[in-house]
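Chain by chain, the residues run as shown.
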Amino acid sequence: MPFLQLPSAVPELRAIWNKAFSRSIVYPLVMPTSMWSVSVFCVVAWGVGSAMSWGVCRVEEGADPRMMIRQLEGTCSDEDRRALAVSADNVLTALHQGRGVVLKGVVLAGDLPLDRLILQPFEPELVRHAAIVERIEAERVSAIRVIDGPFILEDVELQGILATNLIEPGYVVVRGPVSLRGSTIRRSMDLSRMVFLDRADFSEMQIGYEGFFIRAMFARDADFTRTSFGTHSRFHRVRFLGKAAFTGARFHGLAEFLEVSFAEDAGFARTRFLQGTGFSGSRFHKTLDLSEARFDREVYFRFTEYQGRADFHRALFRNTADFTEARFRGAADFREVVFEKSPLISGVDLPNGVGEGGTSVRDRDFLFLLFILAFLGLLLLAVWKKKAW
C-alpha cells in the first residue's frame with residue numbers, strides 16, 4: 001500500500017510521488033502495523049517501569065568499602081522513612097571498623113554512644129595541630145577515641161541520643177569532615193570533648209532538648225547558621241580556632257558561652273536568645289558580630305575581652321545586660337542599640353551615648369515623632385492665621 005495517497009484527479013502525480021518516496025531514506029522506517037505496536041509497547045513499558053522505580057522509596061548503599069553510605073531515594077512518606085530506618089548499632093560497627101559514615105535523608109534508630117569506640121594511645125601525629133596537642137597534653141590525657149573517616153549525618157532524623165558521654169578527661173577526635181546539616185535531633189546531643197580537625201557543619205539543625213559542646217575544639221570553621229537549639233545549650237570552655245558562625249540561630253533555652261575562646265571571627269548577627277544567656281569570661285580575638293541580635297532575657301558579658309571590632313549595631317536587649325569589667329581593646333559599634341533596661345557597665349568604658357541615661361532607638365523614634373507632630377502643628381497654625389487675615 002502506498003505510504004501517501006494523492007487526490008485521484010492527478011494519477012500521474014500520484015504515481016511519480018509514490019515511486020520517489022519508495023526510494024527515499026524514510027521508507028525503511030515504514031513497518032507493518034504489528035511491528036509498530038510491539039515497539040511502542042516496549043518503549044512505554046520501559047518508561048513506566050523506570051518512572052515507578054524512580055518514585056519508589058528506597059535506601060541506596062554506597063560501594064566504597066571504606067565508608068558506610070546510606071542515602072534515601074525516591075518519594076518517601078514518614079512511614080516509609082521509619083520503615084527503612086538505619087540502625088545506630090550498624091553505625092557504631094562501621095566506626096569500630098575504622099570506616100567513615102555518610103547518611104543522608106534517613107531515620108537513625110537507637111542511641112549512638114560514641115564512648116563505646118575503642119580507646120587508643122594518644123599520639124600527637126593523630127592530631128597534627130599544635131594548639132590542640134597542647135591542650136590534650138596539659139590535661140594529661142593518654143588515650144583517645146578516633147573516627148578516621150568523615151562523619152556525615154545530613155537531613156537525618158535521629159530518634160535516640162547522640163553523645164560522647166565523656167565524664168573523665170578524654171576526647172573523641174574526628175579526623176574527617178563532620179556534617180549534621182539539616183538534621184533533627186529528637187532528644188539530646190552531647191558532643192562534649194569532641195575534637196573536630198576538619199570542617200564542622202551544624203547549620204539548619206533542629207535540636208529538641210540539650211545541645212552540649214563542653215570543652216570541644218574546632219580546628220577549622222564551625223557553622224551553626226540558622227540552627228534551632230532546644231532547652232539548654234552549653235559551649236563552656238570551647239575553643240573555636242577557625243571562624244564560628246551562629247548567624248540567624250535561635251536559642252530557645254539557656255545559652256552558655258562561658259570562657260569560650262574565639263580565635264577568628266564570631267558571627268551572631270540576627271541571632272535570637274529567648275532565655276538567659278552568658279558570655280562571661282569569653283575572649284573574642286577578631287570581630288564579634290552581634291548586630292540585630294535579640295536578647296529576651298538576661299545576658300551577661302562580665303569579664304569578656306574584645307581584641308577586635310565588637311559590633312552590637314541595632315541589637316535589642318529586653319532585660320538585664322551586664323557588661324561589668326568587660327574590656328574593649330578594638331572598636332565598638334553600639335549604634336541604634338535598644339536597652340529596655342539600663343545596662344550594667346561598672347568598670348568598663350562604653351562608647352558615648354550608651355549606658356545609664358543613654359538614648360535607645362525607641363526613645364529617639366518617639367522624640368522624632370514628637371518633633372514631626374509639633375512641626376505640623378505650627379505649620380497648620382501658620383496657615384490658619386494667614387487665612388484669617
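In case you missed it, the structure is sitting above this.
Residues numbered from 1 in each chain as written. Predicted model: local features only at pLDDT ≥ 70, side-chain atom pairs only at ≥ 80, totals over all residues. Heavy atoms only, no water.

Helix and strand counts for the protein come out as six helices and 42 strands. Split into buried and exposed, the 389 residues of the protein put 43% on the buried side. With the model as given, the accessible surface of the protein reaches about 21,000 Å², and the carbon-plus-sulfur share is 56%. (Helix = DSSP H or I, 4+ residues; strand = E, 2+ residues; numbered from the N terminus. Buried < 20%, exposed > 50% of the residue type's maximum accessible area, 1.4 Å probe, protein only. Areas by Shrake-Rupley, 256 points an atom, 1.4 Å probe, with all protein chains shown as cover.)

As for its placement among the helices and strands, Phe 323 is situated in the loop between strand S39 (321-322) and strand S40 (327-328). In this structure the C-alpha to C-alpha distance between Phe 323 and Gly 347, which are 24 residues apart in sequence, comes to 8.5 Å. Apart from residues lying up to four places away in sequence, Phe 323 is in contact with Phe 301, Tyr 306, Phe 312, Phe 317, Phe 328, Phe 334, Phe 339, Leu 344, Ile 345, Ser 346 and Val 348. (Contact = heavy atoms within 4.5 Å.)

Core analysis: the biggest nonpolar cluster contains 77 residues, and Phe 202, Phe 312 and Phe 323 have the highest contact counts within it. Listed by contribution, the elements that provide at least two residues to this core are strand S2 (67-73), helix H4 (88-96), strand S4 (100-104), strand S9 (151-154), strand S12 (172-174) and strand S16 (194-196). When residues of this core are assigned to their parent elements, the largest contribution, five residues, is made by H4. Sequence-distant contacts of Phe 312, defined by excluding residues within four places in its chain, comprise Leu 288, Leu 290, Ser 291, Phe 301, Tyr 306, Phe 317, Phe 323, Phe 328, Asp 333, Phe 334, Arg 335 and Val 337. Counting residues in each nonpolar core, the second largest holds 17 residues, with Val 127, Val 133, Leu 197 and Leu 241 among its members. (Core = buried A, V, L, I, M, F, W, Y, C linked by side-chain atoms within 4.5 Å.)

In the case of a regular strand, side chains alternate between the two sheet surfaces. As paired elements, strand S1 (residues 58-61) and S2 share four bridges and run antiparallel to each other. Directly across from Glu 61, in S2, lies its bridge partner Arg 70. Taking the residues between adjacent antiparallel strands as the criterion, S1 and S2 are bridged by five residues. (Pairing = 2+ DSSP bridges.)

Ordered in space as S6-S11-S15-S19-S23-S27-S31-S35-S39, the nine strands form an open sheet in which the pairing is parallel. Whereas interior strands pair on both sides, the edge strands pair on one side only; in this sheet they are strand S6 (112-113) and S39. Across two bridges, the pairing between strand S35 (residues 299-300) and S39 is parallel. Within S39, the position partnered with Val 299 by the bridge is Ala 321.

The next point concerns the side chain of Asp 198. Inspection of the secondary structure assignment puts Asp 198 in the loop between S16 and strand S17 (200-201). Among the polar contacts made by the side chain of Asp 198, one reaches the side chain of Arg 220 at a distance of 2.8 Å. Apart from the residues lying within four places of it in its own chain, the contact partners of Asp 198 are Val 174, Arg 175, Gly 176, Pro 177 and Arg 220. (Polar contact = N/O pair within 3.5 Å; in protein donor to acceptor, adjacent residues only side chain to side chain.)

What follows deals with the pairing of S4. Burial analysis of S4 places four of its five residues in the buried class, which makes it a mostly covered element. Across five bridges, S2 lies against S4 in parallel orientation. Note on S4: the bridge partner recorded for Ile 69 is Val 102. As judged from the four bridges shared by S4 and S9, these two strands associate in the parallel manner. When the bridges of S9 are listed, Leu 103 appears paired with Leu 153.

The subject of this paragraph is the state of the cysteines. Per the stated rule, a full pass over the model turns up one disulfide. Two residues share a disulfide in this structure: Cys 57 and Cys 76, whose sulfurs sit 2.1 Å from each other. Note on the Cys 57 and Cys 76 pair: the S-S dihedral is about 100 degrees, so by sign convention the disulfide is right-handed. Placement of the pair is Cys 57 in the loop between helix H2 (33-55) and S1 and Cys 76 in the loop between S2 and helix H3 (78-83), with a sequence separation of 19 residues. Look at Cys 57 and you get buried, because its relative accessible area is 14%. Residue Cys 76 is classed as partly exposed on the basis of its relative accessible area, which comes to 26%. (Disulfide = S-S within 2.5 Å.)

Right, let's talk about the pattern of salt bridges for a bit. Applying the stated rule across the entire model yields 27 salt bridges. Notably, a salt bridge pairs Glu 264 with Lys 286, separated by 3.1 Å at the nearest N-O pair. One end of the pair, Glu 264, is in the loop between strand S28 (261-262) and strand S29 (266-267); the other, Lys 286, is in the loop between strand S32 (283-284) and strand S33 (288-289), and 22 residues separate them in sequence. Take Glu 264: its relative accessible area is 28%, and that puts it in the partly exposed class. Sharing partners across several salt bridges, the network here consists of Arg 81, Arg 82, Glu 157 and Arg 186. (Salt bridge = Lys/Arg side-chain N within 4 Å of Asp/Glu carboxyl O.)

A few words on a nonpolar patch on the surface. Taken together, the side chains of Ile 372, Leu 373, Phe 375, Leu 376, Leu 379 and Val 383 make up a nonpolar region of the molecular surface, amounting to roughly 530 Å² of accessible area. Its place among the elements puts Phe 375 in helix H6 (residues 361-388). (Patch = residues over 30% accessible without salt bridge, like charges linked within 9 Å, V, L, I, M, F, W, Y side chains within 5 Å.)

With that settled, consider the sheet that holds S17. Strand-to-strand pairing in sheets goes through backbone hydrogen bonds, with the strands running parallel or antiparallel. One open sheet holds the 12 strands; their spatial order is S1-S2-S4-S9-S13-S17-S21-S25-S29-S33-S37-S41, and the pairing between them is mixed. At either margin of the open sheet sits one strand with a lone partner, and together these are S1 and strand S41 (332-333). Sheet topology places S17 next to strand S21 (residues 222-223); two bridges connect them, and they run parallel. By the bridge assignment for S21, Asp 201 is matched with Asp 223. Contacts from H4 reach S2, S4 and S9 within the one sheet, and its direction differs from that of S4 by about 150 degrees. (Axes fitted to C-alpha atoms, helices over the stretch in contact; angles between N-to-C directions.)

The next subject is the packing of aromatic side chains. Applying the stated criterion across every chain, the model contains 48 aromatic pairs. Arranged with centres 6.3 Å apart and planes meeting at 70 degrees, the rings of Phe 317 and Phe 323 form a pair that is edge-to-face. The pair Phe 317 / Phe 323 is uniform in exposure class, with both members buried. Between Arg 234 and the ring centre of Phe 212, over which it is positioned, the NZ or CZ distance is 5.9 Å. (Phe/Tyr/Trp six-rings, centres within 6.5 Å; stacked < 30°, edge-to-face > 60°. Lys NZ or Arg CZ within 6 Å of the ring centre and 35° of its normal.)

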